[in-house]
Amino acid sequence: MVLLSGAAAAAAFSGLAAVWPFLIFFGPYPLLSGCLEQRLSKPLAWLFRVIYFNLAVLSVVWILQIRLDLIREPLGWFFWLLPLGLQAGFLLYHFSLDIILSAIRRLLYR
């Protein structure tokens, strides 16, 4: 319910195209990550997280019909570093999410 209401609010304020990344990755990722952490070993959980992130990126590119040639042309050879930058951003997001969730747990469960 929270995921759908958040997506509806985001669609109302920023339009439907901006909601797809939230619906595909940012909304369900904290739930998925928590479930994976509880049920799988760390290496296997990380493998599923990385696969999920990459599939989410490809899904957003496909759904929004992003033309990669229009991005590749102005970036030149930096375009080929984009996947590494996306992976680094994913790791930063995951570790930031862990810090925020642990702070919330400390506040709520004192």
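Let us look at the structure shown here. What you see is a predicted model; the values in this text were computed from it and never measured.

Re the environment of Phe-90
Right, on to step 1. Counting through the fold element by element, Phe-90 comes out in helix α6 (residues 82-108).
Right, on to step 2. The buried category is assigned to Phe-90, whose relative accessible area is 2%.
Right, on to step 3. In sequence terms Phe-90 and Gly-6 are 84 residues apart; their C-alpha atoms lie 21 Å from each other.
Right, on to step 4. Sequence-distant contacts of Phe-90, that is, excluding residues within four places in its chain, are made with Phe-25, Tyr-29, Trp-46, Arg-49, Val-50 and Phe-53.

Quick look at helix α4 (residues 42-63)
Right, on to step 1. Given a rise of 1.5 Å per residue, 22 residues ought to cover 32 Å, and the 31 Å separating the end C-alpha atoms of α4 matches this to within 8%.
Right, on to step 2. For α4, the set of buried residues is Ala-45, Arg-49, Phe-53, Ala-56 and Val-60. Taken around the axis of α4, the buried residues stretch over an arc of 75 degrees, which confines them to a single face. Exposed residues pointing more than 90 degrees away from the buried face of α4 are listed as Pro-43, Leu-58 and Trp-62.
Right, on to step 3. Structurally, α4 contributes buried residues whose contacts are with α2 (20-26), α3 (29-39) and α6.
Right, on to step 4. The positive-phi residue at the C-terminal boundary of α4 is Gln-65, with phi of around 50 degrees.

A closer look at the nonpolar core
Right, on to step 1. Core analysis: the largest hydrophobic core is formed by eight residues, namely Ile-24, Phe-25, Tyr-29, Phe-53, Ala-56, Val-60, Phe-90 and Leu-97.
Right, on to step 2. Of all the secondary-structure elements, those providing two or more residues to this core are α2, α4 and α6.
Right, on to step 3. When residues of this core are assigned to their parent elements, the largest contribution, three residues, is made by α4.
Right, on to step 4. For Phe-25, the residues in contact, after removing those within four places along its chain, are Tyr-52, Phe-53, Ala-56, Phe-90 and Tyr-93.

Brief notes about the packing of α4 against α6
Right, on to step 1. It is the contact of α4 with α6, at a shortest axis distance of 11 Å, that shows an interaxial angle of 120 degrees. Taken together, α4 and α6 sit at an angle that is classed as oblique. For the crossing formed where α4 meets α6, the hand is right-handed. Residues Trp-46, Arg-49, Val-50, Phe-53, Asn-54 and Val-57 of α4 form the contact with α6, whose own contacting residues are Leu-86, Gln-87, Phe-90, Leu-91, His-94 and Phe-95.
Right, on to step 2. Considering only residue class, the contact of α4 with α6 consists of eight nonpolar, three polar and one charged.

Thresholds applied
Residues numbered from 1 in each chain as written. Predicted model: local features only at pLDDT ≥ 70, side-chain atom pairs only at ≥ 80, totals over all residues. Heavy atoms only, no water. Helix = DSSP H or I, 4+ residues; strand = E, 2+ residues; numbered from the N terminus. Buried < 20%, exposed > 50% of the residue type's maximum accessible area, 1.4 Å probe, protein only. Contact = heavy atoms within 4.5 Å. Expected span 1.5 Å × (residues − 1). Arc of directions from axis to C-beta. Core = buried A, V, L, I, M, F, W, Y, C linked by side-chain atoms within 4.5 Å. Axes fitted to C-alpha atoms, helices over the stretch in contact; angles between N-to-C directions. Parallel < 35°, antiparallel > 145°, perpendicular 65-115°, else oblique. Left-handed = near helix turned anticlockwise from the far one by under 90°. Nonpolar A, V, L, I, M, F, W, Y, C, P; charged D, E, K, R; others polar.

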